[in-house]
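Breakdown of the fold
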Amino acid sequence: MGTRKRTRNGDIDDEVIPPKRKNIGPAPFSHDEAALEECDRIDYSIRITKDMAESDTAPRPVRVYADGIYDMFHSGHARQLMQAKRVFPHVYLIVGVCDDELTHKLKGRTVMSQEERYEMVRHCRYVDEVVTSAPWTLEEDFLQQHKIDFVAHDDLPYNAPGVEDVYKDIKAKGMFVATQRTEGISTTDVIARIIRDYDMYVRRNLSRGYTAKDLNVGYMKEKKLQFQQKVDLVKGKTKELIDKIGDKRHELIQKWEENSREFVSNFLELFGRDGRINQWWTETRQNVVRAISPPHPPDEEDSPRTYSPLPRSSPESPPLKRRHRNSTSASPATGNQWLDEDDEY
């Protein structure tokens, strides 16, 4: 809290004075000694009206009661309790939390146990006292026991088995004060977010040491999620690498432009039509062809032919013998059917 004072020279100086702080700690339960002592100090015979509470003319603190399940305590719960605490200038806020048995029977299963929900509420800064195992419907005996002056809740009818609105009688008595719901946030919304991203949360918990049995996950589902976790890890590292390269992309592009001509010329020298790779391939192919195909002999048409004339008969040379076929049958002794001219018949 700040105060303002004028200095000797006429200037205004702002002086910050820290507010007095109460004893810091969680709110007591209704059966704790501190809560019982506070309740004993209240003269409940003095009925406080809304006009008295709003004008801050009540002779004692106004005891306001708010109740709920408060599963997975979130900002919507905290804002509701803040409104209940500020509904009047001087409020002692009592918050009732239903236990597991009643909640599971009338509303459904909760994520947090009743003990966890009790502890979440009693550590909220706006809460002065917590009632455990709170009833679903507020009876007169309950109001008298806790000396409740007003009940705070949102104005929408709250149904229960056989009851259209559990706050109907409270409204009829003039003891009801309305709070506003926080749009976009509720326990149902939070659970829906978890279900929507179920695989991601399971992978996260598996990586943190939870077993598939702890998470009620089958073997195949576990392996699938672990594989997806590794894929996401690779994606993350790839993105980091791309981001690092992105910071230097202008420098890399400039270097590429400077060396592009040299790269192109070297490529053409190696892989072009007259490049070294093509020449090497041609020479290698020719060598292979020569190795598997021996050279052919020269063609006869290309080499000149030499003719040797047949020998003619000379006077000195004896006459050639001519053979004639014997018209008679061959001699049985020789079996030869041919006779020379010099042979006698």
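This text goes with the structure placed above it.
An account of the accompanying structure is given in this report. Small disclaimer: the values here were computed from a predicted structure and weren't measured. (Residues numbered from 1 in each chain as written. Predicted model: local features only at pLDDT ≥ 70, side-chain atom pairs only at ≥ 80, totals over all residues. Heavy atoms only, no water.)

So, on to the side chain of Ser-30. Relative to the elements of secondary structure, Ser-30 occurs in the loop between strand E2 (12–16) and helix H1 (33–40). In this structure Ser-30 touches Ala-35, Leu-36, Glu-129, Val-130, Val-131 and His-146, once residues within four positions along its chain are discounted. (Helix = DSSP H or I, 4+ residues; strand = E, 2+ residues; numbered from the N terminus. Contact = heavy atoms within 4.5 Å.)

For the rest of this paragraph, the subject is helix H3 (residues 75–85). Looking only at H3, the buried set comprises Gly-76, His-77, Gln-80, Leu-81, Met-82 and Ala-84. As for H3, its buried residues are in contact with strand E3 (62–68), strand E4 (91–97), strand E6 (150–154), strand E7 (176–179) and helix H8 (187–196). (Buried < 20%, exposed > 50% of the residue type's maximum accessible area, 1.4 Å probe, protein only.)

This part covers the nonpolar core. One broad rule of soluble globular proteins: the nonpolar side chains tend to lie buried together. In this structure, Leu-81 and Leu-93 are the most contacted members of the largest nonpolar core, which totals 27 residues. Counting only elements with at least two residues in this core, the list comes to E3, H3, E4, helix H5 (114–122) and E6. The element contributing the most residues to this core is E4, with four residues. In this structure, Leu-81 is in contact with Ala-66, Tyr-70, Phe-73, Leu-93, Val-95, Cys-124, Tyr-126 and Val-127, ignoring residues within four places of it in sequence. (Core = buried A, V, L, I, M, F, W, Y, C linked by side-chain atoms within 4.5 Å.)

Turning our attention to the environment of Phe-142. Position of Phe-142 relative to the elements: it lies in helix H6 (residues 140–145). According to the relative accessible area criterion, Phe-142 is buried, its value standing at 11%. Setting aside residues up to four positions removed in sequence, Phe-142 forms contacts with Tyr-65, Val-131, Pro-135 and Ile-148.

Moving on, we come to the sheet that holds strand E5 (residues 129–132). The parallel open sheet is built from five strands, whose spatial order is E5-E4-E3-E6-E7. Strands with a single pairing partner mark the edges of an open sheet, and in this sheet they are E5 and E7. The average angle at which neighbouring strand axes cross in this sheet is 30°, direction not considered. Contacts from H5 reach E4 and E5 within the one sheet, and its direction differs from that of E4 by about 165°. (Pairing = 2+ DSSP bridges. Axes fitted to C-alpha atoms, helices over the stretch in contact; angles between N-to-C directions.)

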